[in-house]
There are 2 protein chains.
Amino acid sequence: MLAGVELRHVRVFAAVARAGTVVGAANQLGLAPASVSEQVRRLEGGLGVALFERTLQGMRLTAPGQALLERAHGLLDHADEVRRAVTGQRRRISVGALEMPAATRRPASTSST
Amino acid sequence: MLAGVELRHVRVFAAVARAGTVVGAANQLGLAPASVSEQVRRLEGGLGVALFERTLQGMRLTAPGQALLERAHGLLDHADEVRRAVTGQRRRISVGALEMPAATRRPASTSST
DNA sequence: CAGAATTACGCGCAGCGTAACAATT
DNA sequence: AATTGTTACGCTGCGCGTAATTCTG
């Protein structure tokens, strides 16, 4: 699928890129190495490019891999920020100007149903 | 899951929000209404908030739903931009400043679809 | 043998469609 | 009846784990 850029894949990719090895990423993610390997393969298949160069010492980023790595965190952060904004978990952003209005429009977490 | 913000869900959500109805979104997406309904339900479950208010005339955005809608396109665009950057499909973005460098590194528009 | 990744196999859940259903106009 | 959304059911594929395999130092 060309829509194959799923955030889950990107998260796994970022972990592998950072750890340098599949097993290391698997440990950090709490997953099995086989699962991580599969995720990377699917992401590569979905994108149509090779993200890593498989060496005997681990996974080394290719050029497209580096391009993705540079953008992965930004995208993941973006997604996480959206999630927080929607769920209402502002998490003390240093905006300051919202303190007074916030007292009036307290969203009460979950609503009906 | 807190990691429940998958891009597929957001795409479906955006379509529903734009169409106003599940069936309309399903047509636009080429999916069955049941699938769309399920996607929305899962997204809501993953986020823990109600995104729509089910009326007999269609789906009306709730406050969190509007919050997501305002950010959905940005996130999807971001993801798409990352995908293009990684695969090398620049596709004439109106950035302007890239025109000259682009002439040097024309990536030959890889196979799509 | 130790460490790396991959493959093979099985299980459970998610995604999808079709069909049937409930509710309102 | 026609519209909407949902549920039920079944199928396919993904995500995941465990175990086995391959390759190099």
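Quick note: structure is the one above.
Residues numbered from 1 in each chain as written. Chains lettered and ligands numbered in written order. Predicted model: local features only at pLDDT ≥ 70, side-chain atom pairs only at ≥ 80, totals over all residues. Heavy atoms only, no water.

Draft legend 1. Molecular detail of the interface of chain A and chain B. Taken together, the contact between chain A and chain B spans 24 residues of the former and 26 residues of the latter. Buried surface at the junction of chain A and chain B, summed over both partners, amounts to about 2400 Å²; 69% is from carbon and sulfur atoms. The interface formed by chain A and chain B contains four salt bridges. A salt bridge links B:E6 to A:R8; its shortest N-O distance comes to 4.0 Å. At the boundary of chain A and chain B, one finds five residue pairs in polar contact (both at pLDDT 80 or more). Examining the composition of the side of chain A that touches chain B, we find that 13 residues originate from one element, helix α4 (residues 63-87) of chain A, more than from any other. The residue makeup of the side of chain A that touches chain B, split by class, is 15 nonpolar, four polar and five charged. (Contact = heavy atoms within 4.5 Å. Buried area = accessible area lost by both parts, 1.4 Å probe. Salt bridge = Lys/Arg side-chain N within 4 Å of Asp/Glu carboxyl O. Polar contact = N/O pair within 3.5 Å; in protein donor to acceptor, adjacent residues only side chain to side chain. Helix = DSSP H or I, 4+ residues; strand = E, 2+ residues; numbered from the N terminus. Nonpolar A, V, L, I, M, F, W, Y, C, P; charged D, E, K, R; others polar.)

Draft legend 2. Broad picture of the relation of the copies chain A and chain B. Of the two same-sequence chains, chain A is brought onto chain B (RMSD 0.2 Å, axial shift 0.0 Å) by a rotation of 180°. The symmetry that links the two subunits is that of a two-fold axis. Taken as a fraction of all interface residues of chain A, those also at the interface in chain B reach 96%, which identifies the copy contact as same-surface. (Least-squares fit on C-alpha atoms with pLDDT ≥ 70 in both.)

Draft legend 3. Region of interest: α4(A). The terminal C-alpha atoms of α4(A) lie 36 Å apart, and with 25 residues this matches the ideal 36 Å at 1.5 Å per residue to within 8%. A maximum bend of about 35° is found in α4(A) at A:R71. When we look at burial in α4(A), the residues that qualify are A:G65, A:A67, A:L68, A:A72, A:L75, A:L76, A:A79, A:V82, A:R83, A:A85, A:V86 and A:T87. Where the residues of α4(A) are buried, they touch α1 (7-19), α3 (33-47) and β2 (58-61) of chain A together with α3 (33-47) and α4 (63-87) of chain B. (Expected span 1.5 Å × (residues − 1). Bend = angle between axes of the 7 residues up to and from the residue. Buried < 20%, exposed > 50% of the residue type's maximum accessible area, 1.4 Å probe, protein only.)

Draft legend 4. View of the pattern of salt bridges. A full pass over the atoms with the stated rule returns 16 salt bridges over all chains. Where B:R60 meets B:E53, a salt bridge forms, and the shortest distance between an N and an O atom there is 3.0 Å. In this structure B:E53 comes out as partly exposed when scored by relative accessible area, which is 39%. Here B:R71 makes a salt bridge to B:E70, at a shortest N to O gap of 3.8 Å. B:R71 sits in the partly exposed class, given a relative accessible area of 29%. With a relative accessible area of 61%, B:E70 lands in the exposed category. Each of the salt bridges in this network shares a partner with another, and the network as a whole consists of A:E6, B:R8 and B:R11.

Draft legend 5. Spotlight on the packing of α1(A) against α3(A). All names here are of chain A. At a minimum axis separation of 9 Å, α1 and α3 run at an interaxial angle of 115°. The two elements α1 and α3 meet at a crossing, and its hand is left-handed. Only V36, Q39, V40, R42 and L43 of α3 make contact with α1, whose side of the interface consists of R8, H9, V10, V12, F13 and V16. Residues of the contact of α1 with α3, tallied by class, amount to seven nonpolar, two polar and two charged. (Axes fitted to C-alpha atoms, helices over the stretch in contact; angles between N-to-C directions. Left-handed = near helix turned anticlockwise from the far one by under 90°.)

Take it as geometry only, folks, not as evidence of what the structure does.
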